[in-house]
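Close look at the chain arrangement
Okay, here's what each chain looks like letter by letter:
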Protein chains: 2
Amino acid sequence: MVVHAENEHISLEKAWDILRNHFLPLYRPESVVVPLKSVNRLMGKRLTQDVVAKRNVPHFNASAVDGFAIRSSSSVYASSATPVILEKMDFQWVNTGLAVDHQSDSVLMVEDSSIDGNTGNLIIFKSLSAGENVRPVGEDVTRGQVIGRAGDIITSSFLSLCIASGIYELEIFSLPETIYIPTGDEIVSPQEWISTDFPESGLVAESNSTLLKGYFHEWGIPLHVHEILPDDPDIIRKAIKMAVTKYDLVLIGAGSAKGKKDHIASIISEEGCLLFHWLLMKPGRPAMGGIVGNTPVIDLPGFPMSTAVVLWSIVYPLLRLITQGDYDNSVLSKAVSSKESYEMTLLSSHSSPPGISEWLRFKAVELNEEKRIIPLTSGSSTLWSLSETDGLCLLPAKTLECPKGTKVSVWVTKDIPWKKRVLYQGSNDPALDRIVTYVRKYSGDIVLRSVGSMGGLAALSRDECHLAAAHLLDPVTGVYNESFIQDFCGNEIWERFLIYKRVQGIIVGSGNPKSINTVSDLARSDVRIINRQPGAGTRVLLDMLLQQSGIPSTSVSGYETQSVSHYDAANRIVAGVADAAIGIKAASDAMGLDFIPITEEPFEIIIPLKYMEHPGIKAFLDALQDNEWKKNVEDLGGYIWSA
Amino acid sequence: MVVHAENEHISLEKAWDILRNHFLPLYRPESVVVPLKSVNRLMGKRLTQDVVAKRNVPHFNASAVDGFAIRSSSSVYASSATPVILEKMDFQWVNTGLAVDHQSDSVLMVEDSSIDGNTGNLIIFKSLSAGENVRPVGEDVTRGQVIGRAGDIITSSFLSLCIASGIYELEIFSLPETIYIPTGDEIVSPQEWISTDFPESGLVAESNSTLLKGYFHEWGIPLHVHEILPDDPDIIRKAIKMAVTKYDLVLIGAGSAKGKKDHIASIISEEGCLLFHWLLMKPGRPAMGGIVGNTPVIDLPGFPMSTAVVLWSIVYPLLRLITQGDYDNSVLSKAVSSKESYEMTLLSSHSSPPGISEWLRFKAVELNEEKRIIPLTSGSSTLWSLSETDGLCLLPAKTLECPKGTKVSVWVTKDIPWKKRVLYQGSNDPALDRIVTYVRKYSGDIVLRSVGSMGGLAALSRDECHLAAAHLLDPVTGVYNESFIQDFCGNEIWERFLIYKRVQGIIVGSGNPKSINTVSDLARSDVRIINRQPGAGTRVLLDMLLQQSGIPSTSVSGYETQSVSHYDAANRIVAGVADAAIGIKAASDAMGLDFIPITEEPFEIIIPLKYMEHPGIKAFLDALQDNEWKKNVEDLGGYIWSA
């Protein structure tokens, strides 16, 4: 590999410089002539040259009103007191927009005239000046006038003006042709992926081309997708050599890391020149770019979030470079299709790696008139958080620890109903997870954040959410929630709403292969459990159950493991990573597992009094009464409505 | 006509109330199921229902690194000092993203291990915990997880996530089907319009359907265009009755004013109900809306700017109403495809009619760090200013006189290069009109505003532009510009650049039908002139020529008329409204008219010293030297380069 050491592990700014240095000199914009009737092909495109009107608009003297066309000189001194009479041959009715005859130079409005019933003559009550109520030839556009400039973006009103001005085609800059070549032995096409209910372990759906198609669609640029290629250097080499002769930009999927099957860097080096390798960016690090022939070749890392990041920060700027000659720093906000940018404050602390720019995904919410963001999972492999995010934020490389309240500059990519949206922090619950749609039905919106029952109460006490939910058993009193709420609420009044009871128990494999029947069985040496995070009500329950059975937590294999939700815990059992978990029946049912019920716990919503009139809270309380949602909850199983 | 009096001449807010009252109860959103591979059809659409993941992502325990899959328990106490040895059958190489075998629960990174060259055994230097470097089943998404909510707008990352989650189709809300029916005896199709070089007087190109197609394209909503119908009530009635059975929204072009041919209101009343007629809005007043069957029918006024205004303020909100159930006040910014909204100050005073909301078109520029707008022509018939505008502003009905400096809230619809753009005010000049493209070539931008030579100097003295140009002859000294600049520049230093001399003279009809040869001929009773606006250098020249010939201006027919540019003046002669004008040879040549040369006048650019380093000014000065622009100027004719 012949990439210069100084072009490995570089900043985005350096990568941009490299791209500019290599591809700006190659910038040769192509153009295409498109007939005006192809409105969809023309909209949003850029003119290659000035457009000059071919005819006057209007091309005749047109009446600006409904009335009588006359010579203004014949109306001199006319008034209601001293009307002037005109014979039939000396005036003519004209509708708005129609031609004023050549004898006339003004139009008398109906209200300034009357017609003599006997003679049909026109009685004029007002003196007109030459040109009055007439739109002269060329009033809108004169022949020869420049009506569009090279570089202008074509709008609907410009197209309409072109038609009126006698223009029937426009020369626009052609769009670049891009191809995406997905590679990987483990990758299967969406069709194949969908065709089986249980794909083999190790296979991965080729979902990145869909991500690319979506972004290219938003950018208004065509994208071709190649068939998936195996990790065979000869096959990939052949495809790249072919692609660079036919396309303006070649994108390769995966193969840029240091694994045994990552051949792309060598191929680019051997067939052309590898310009940079690895970015100081998270996610997106294993990106690389090169040139083969005169065509840029960019390798997108295989993980979806990394692919997205390289799309925004390398591919889109490069497309601008090869189609428009350059771009400025606003290119990133356009790449991510941002609607607005804001300064917002972090609602939870965030630690960013040193010397590396980091892309944050987040949910945004307005709390006490302040716009706040909660960072979502930051992994490069997680696609969910990219789908879920309300926007994006690129933390500069110099960012390190960001405590709560740090101001960051973010691009918003979704419409956020700031005044209607509330933030929930608290216990994870599948039934609650289904309520979002119903909150919206009642004109509110809710963001759910699972932080455990204790985390929710703590967040509420710090005024970091609008509502919480808890199912915390006090081991001393044996009463749920009461003592915890008293500890956290301080001087505030918190309203409590018991929604339902949930059946908690031991989730075990289907058919209960390890014959787990009691809490004591969890301490058996052949049993591994999957636990929940500290502060989760379910973990608190496990602790109490172990205590009651006199089992020290250290003797439970897997006690130190953490899953983030009931579904997650159940899933680990399905996957064979664990044999048992404490969790709710709904999760066990959903995964088709066996369940040993232990207790029914009250699940309570807690809302500070001061938020009770918030439109989002009102909508949430309405949603709790919605019969369709209730049906959803019953279908999940393991929920018991409170009387 | 049976529209209630209270629904005539109403505000936009009232019209919205009427539309809500009638069409919200009829809101029955339809849905359609679209396969995931149709990315373009799905992007930006709204989900009708929650989307639940059908499989775990990943669906197996995947390695997060390249390394050796092992059982973590076998690595207990391993360190560089006390390595642990594993035999070949107890470990397995795994690439990032691939499946960790069922025997293993963690992955050892290459750097924490080595392979014994003789035995092939693995030497472990680090103790791993269960799950280390493993992405557990369902890490990204668990089966049963809600990954999209009813009402969510579909994004590319969501589509990609759906594929990974085993989903192959989505139910989205259908888009409404709209038809536009252009009407009018005088309207000809674009094809017909283009097919002749000299259309008959009175004919008008059907350009509004292009305007509509463009906006519908931006909104992502399909539009069907009906053939043009004549002003025949029976034919129009039949078309409307047919359309309401097939479409969700019917738009009629023109026929809403009070002319003799305006039948639409009666037809709607007779076949259904006319809900409102005429808005207190400028332009856009003659809009109306009704209901036939259960289908909304909206009449768009014929003038293009009125059509656009009704599209934004009535049609788009109505589309939102019938597809999404409602809309809020941000609907207008979406309707006009606004990129940003700003408070800006008026650079010239504006007078708005009482009790009527008014739409302003404008050019925007930053002057001394302040964003300013210059309103463009306000007529409903002018399409040019809509094509040219940088954005839109809806002045509320209570707005009356807006002096210079008034703050108004505007939607910006174009990308404005604030820091590179300069504002020119001054003399109208066709050669200068061609320079914009070249200023952009040198990375600047310029807005040209013709206010006459005197107006330009005055604007410069008030710091209301970055540069001006003048050709003002001092009748006392016989010297151009000098004395005027001294009067205006105050204590500022203004740089002067002589670009070229222009040949000024008398423009007369082709073949000089009235034998006009000298300035004295302009006073002949059979000669009508077209003059320029006060303050224009060309008008100053005429005044001096008349004075020299001893002719009082009152004896010149047409002296009081005003045209706004050389082209405009020449055009009036072409149209037969005037016989002669003082103007430059370039305009006369462009229109194929005859020309009697009188003088060569210096055309000077004036730039205050303080703006000489502005990127826009630098680009302008570069553009003045551009050979391609100079070629353009020479082609126009009547320009003489200064030595």
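Residues numbered from 1 in each chain as written. Chains lettered and ligands numbered in written order. Predicted model: local features only at pLDDT ≥ 70, side-chain atom pairs only at ≥ 80, totals over all residues. Heavy atoms only, no water.

**Considerations on the sheet that holds strand E9 (residues 113–115) of chain A**
Residue and element names in this part refer to chain A. This is how it is decided: Strands were regarded as paired on the criterion that DSSP finds at least two bridges between them. Every helix listed is a DSSP run of H or I at least four residues long, and every strand listed is a run of E at least two residues long, numbered separately from the N terminus. Axes, fitted as lines to C-alpha atoms, cover a helix only where it is in contact. Angles between the N-to-C directions of the axes lie from 0 to 180 degrees.
Taken in spatial order, the three strands make up an open sheet running E6-E10-E9, and their pairing is antiparallel. Each end of this open sheet is capped by a strand with a single partner; those strands are strand E6 (84–86) and E9. Taken pair by pair, the neighbouring strands of this sheet meet at an average axis angle of 25 degrees, ignoring direction. In this sheet, strand E10 (residues 122–124) lies alongside E9 in antiparallel orientation, the contact comprising three bridges. Bridge pairing links Ser114 to Ile123 in E10.

**Topic: the relation of the copies chain A and chain B**
Here is the rule we go by: To line up the copies, we fit them by least squares on C-alpha atoms, keeping just the residues with pLDDT of at least 70 in both. Throughout, a contact is declared for two residues whenever any of their heavy atoms are within 4.5 Å.
Of the two same-sequence chains, chain A is brought onto chain B (RMSD 0.1 Å, axial shift 0.0 Å) by a rotation of 180 degrees. A rotation of that kind, with that shift, is consistent with a two-fold axis. The residues that chain A uses at the interface reappear at the interface of chain B in 100% of cases, marking a shared surface.

**Remarks on the pattern of salt bridges**
Residue and element names in this part refer to chain B. To keep it simple, the criterion reads: We count a salt bridge whenever a side-chain nitrogen from Lys or Arg sits within 4 Å of a carboxyl oxygen from Asp or Glu. Using a 1.4 Å probe on the protein chains alone, a residue whose accessible area is under 20% of its type maximum counts as buried, one over 50% counts as exposed, and one in between counts as partly exposed.
Enumeration over the complete set of coordinates arrives at 70 salt bridges over all chains. Of the charged contacts, one joins Asp390 and Arg421 as a salt bridge, the two residues approaching to 2.7 Å between their closest N and O atoms. In this pair, Asp390 is assigned in the loop between helix H10 (384–388) and strand E27 (391–395) and Arg421 in strand E30 (residues 421–426), connecting sequence segments 31 residues apart. When sorted by exposure, Asp390 lands in the same class as Arg421, which is buried. Note that Asp568 is salt-bridged to Arg572, the shortest N-O span being 3.0 Å. Remark: Arg572 and Asp568 occur in helix H16 (residues 566–574); sequence separation between them is four residues, near one turn of the helix. An identical accessibility class is assigned to Asp568 and Arg572; each is buried.

**Topic: the packing of helix H1 (residues 12–23) of chain A against helix H8 (residues 304–324) of chain A**
All names here are of chain A. This is how it is decided: Throughout, the term roughly parallel applies to angles under 35 degrees, roughly antiparallel to angles over 145, roughly perpendicular to angles from 65 to 115, and oblique to all others. In this scheme, a crossing is called left-handed if the near helix is turned counterclockwise away from the far one by less than a right angle; it is called right-handed if the turn is clockwise. Nonpolar residues are Ala, Val, Leu, Ile, Met, Phe, Trp, Tyr, Cys and Pro. Charged residues are Asp, Glu, Lys and Arg, and all others, Gly as well, are polar.
Where H1 contacts H8, the axes come no closer than 11 Å and their chain directions differ by 30 degrees. Here H1 is positioned roughly parallel relative to H8, judged by the angle of their axes. Relative to H8, the crossing made by H1 is right-handed. On H8, the residues touching Leu12, Ala15, Trp16, Leu19, Arg20 and Phe23 of H1 are Ser313, Ile314, Pro317, Leu318, Leu321 and Ile322. Looking at side-chain class alone, the contact of H1 with H8 contains ten nonpolar, one polar and one charged residues.

**A look at the side chain of Asp463(A)**
Defined as follows: Here a polar contact is taken to be a pair of N or O atoms separated by no more than 3.5 Å, where protein atoms must pair a possible hydrogen donor with a possible acceptor and residues adjacent in sequence count only if both atoms sit in side chains.
Its place among the elements puts Asp463(A) in the loop between helix H13 (452–461) and strand E32 (468–470). A polar contact is formed between the side chain of Asp463(A) and the side chain of Lys610(A), at a distance of 2.9 Å.

**Observations regarding the interface of chain A and chain B**
Accessible area lost on assembly of the parts is the figure often given for the size of an interface. Definition in use: Take the accessible area each of two parts loses on contact, using a 1.4 Å probe, and add the two losses: that sum is the buried area.
The interface is formed by 99 residues belonging to chain A together with 100 residues belonging to chain B. Summed over both partners, the interface of chain A with chain B buries about 8,400 Å², with 55% contributed by carbon and sulfur atoms. Contact with chain B buries surface across chain A, with Arg55(A), Arg149(A) and Ile163(A) losing the most and accounting together for 8% of the total. Across the chain A-chain B interface, the total number found is six salt bridges. With its nearest N and O atoms 3.5 Å apart, the salt bridge here joins Asp433(B) to Arg149(A). In terms of residues, the side of chain A that touches chain B owes the most to one element, helix H3 (residues 156–164) of chain A, which gives eight residues. Its residues assigned to classes, the side of chain A that touches chain B comprises 39 nonpolar, 31 polar and 29 charged.

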